[in-house]
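# Structural overview for review
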Amino acid sequence: MSFRISRWLLAGTALVVCACGSTASGGAALTPSATPTPLPSTPAPTPNLLANASAAYLAAATTANAADNALAKTFCGKTTYTTAQAKTCWPKYAAIEQTFLTAIYAIQYPPAMKVDVDAQITAVTKIIQGEGALAVSPSDIAAFNAWRTDTTAGVGAANIVRHDLGLPQVK
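Quantities reported herein were computed from a predicted structural model and do not represent experimental measurements.

## Details of the overall build of the chain
The number of helices and strands found in the chain is 5 helices and 0 strands. For the chain, the α and β elements follow one another from N to C terminus as α-α-α-α-α. Looking at the chain as a whole, 26% of its 171 residues qualify as buried. Taking the intrachain contacts of the chain between residues at least 6 apart in sequence as the baseline, contacts between residues at least 24 apart amount to 68%. Taken as a whole, the chain presents about 11,700 Å² of accessible surface, with 67% of it coming from carbon and sulfur.

Below, the structure written as structure tokens:
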């Protein structure tokens, strides 16, 4: 019987010791964490918006220029063409400008460039509208002159954005 009492006494003492060992100094029970606390990680590097925007803009401009040059090698690049030919050319030029507009609109620019980029987006939008008007009525001199004025303004707006991005100017 003494063996049984000792064993029960030992088990009871162990229970008391375990219970005492599981409390913090303030008496609150510690709860183990199922998920270990992660070590501090290195923050993700901030992207270089200027370099990224410059590369994306240059890619968009290069693509648009190549498409314009290819179209200029067709009858669309001639100084004289029929009304029917003009009606097929102006929508093609408008599609190139629309693709360029979509590309530059999607670029994430540095916040300081917002006003300049918005001005270029407005200018390109006006160019597209002018090309749409010329697709309908290619012999409309007023529409052509407005398109030419809008194109000049678009080049100016593009040069401001290109300056901001550190890219060469266009003519």
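## Let's talk about the pattern of salt bridges
What the rule picks out here adds up to 2 salt bridges. In this structure, Lys 114 and Asp 118 form a salt bridge, with 2.7 Å as the shortest nitrogen-oxygen distance. In this pair, Lys 114 and Asp 118 both sit in helix H4 (residues 114-136), 4 residues apart, roughly one turn of the helix. Accessibility expressed as a relative area gives 53% for Lys 114, which makes it exposed. Given the relative accessible area of 34%, Asp 118 is considered partly exposed. With its nearest N and O atoms 3.9 Å apart, the salt bridge here joins Lys 126 to Asp 150. In this pair, Lys 126 is assigned in helix H4 and Asp 150 in helix H5 (residues 141-165), connecting sequence segments 24 residues apart. The class for Asp 150 is buried, based on a relative accessible area of 16%.

## What about the packing of H4 against H5?
Helix-helix packing: each pair is described by the crossing angle between the helix axes and the interaxial distance. At a minimum axis distance of 8 Å, the contact between H4 and H5 shows a crossing angle of 155 degrees. One element, H4, and the other, H5, form an angle in the roughly antiparallel class. Crossing handedness for the pair H4 and H5: left-handed. The segment H4 lies against H5, with Asp 116, Val 117, Ala 119, Gln 120, Ala 123, Lys 126, Ile 127, Gly 130, Glu 131 and Leu 134 engaging Ala 143, Phe 144, Trp 147, Asp 150, Thr 151, Ala 153, Gly 154, Ala 157, Ala 158, Ile 160, Val 161 and Asp 164. Considering only residue class, the contact of H4 with H5 consists of 13 nonpolar, 4 polar and 5 charged.

## Considerations on the state of the cysteines
Counted under the stated rule, the structure contains 1 disulfide. Residue pairing for Cys 76: its cysteine sulfur links by disulfide to Cys 89, the two sulfurs lying 1.9 Å apart. Note on the Cys 76 and Cys 89 pair: the S-S dihedral is about -90 degrees, so by sign convention the disulfide is left-handed. With a gap of 13 residues between them, Cys 76 in the loop between helix H2 (49-72) and helix H3 (83-106) and Cys 89 in helix H3 connect regions that are remote in the sequence. Accessibility assignment for this pair places Cys 76 and Cys 89 in one class, buried.

## A look at the side chain of Gln 120
With respect to the secondary-structure elements, Gln 120 resides in helix H4. Residue Gln 120 is classed as buried on the basis of its relative accessible area of 1%. In contact with Gln 120, other than residues within four places in its own chain, are Tyr 57, Phe 100, Ile 104, Ala 157, Ala 158 and Val 161.

## A closer look at the packing of aromatic side chains
A full pass over the atoms with the stated rule returns 4 aromatic pairs. Seen from their ring centres, Trp 90 and Trp 147 are 4.9 Å apart, and the 75 degrees between their planes marks the pair as edge-to-face. With a gap of 57 residues between them, Trp 90 in helix H3 and Trp 147 in helix H5 connect regions that are remote in the sequence. By relative accessible area, Trp 147 is classed as buried at 17%. Aromatic pair Phe 144 and Trp 147: ring centres 5.5 Å apart, planes at 35 degrees, arrangement tilted. One end of the pair, Phe 144, and the other, Trp 147, are both in helix H5, 3 residues apart, so they sit about a helical turn from each other. The structure contains a cluster of three or more aromatic residues connected by ring pairs, namely Trp 90, Tyr 93, Phe 144 and Trp 147.

What counts as what
Residues numbered from 1 in each chain as written. Predicted model: local features only at pLDDT ≥ 70, side-chain atom pairs only at ≥ 80, totals over all residues. Heavy atoms only, no water. Helix = DSSP H or I, 4+ residues; strand = E, 2+ residues; numbered from the N terminus. Buried < 20%, exposed > 50% of the residue type's maximum accessible area, 1.4 Å probe, protein only. Contact = heavy atoms within 4.5 Å. Areas by Shrake-Rupley, 256 points an atom, 1.4 Å probe, with all protein chains shown as cover. Salt bridge = Lys/Arg side-chain N within 4 Å of Asp/Glu carboxyl O. Axes fitted to C-alpha atoms, helices over the stretch in contact; angles between N-to-C directions. Parallel < 35°, antiparallel > 145°, perpendicular 65-115°, else oblique. Left-handed = near helix turned anticlockwise from the far one by under 90°. Nonpolar A, V, L, I, M, F, W, Y, C, P; charged D, E, K, R; others polar. Disulfide = S-S within 2.5 Å. Phe/Tyr/Trp six-rings, centres within 6.5 Å; stacked < 30°, edge-to-face > 60°.

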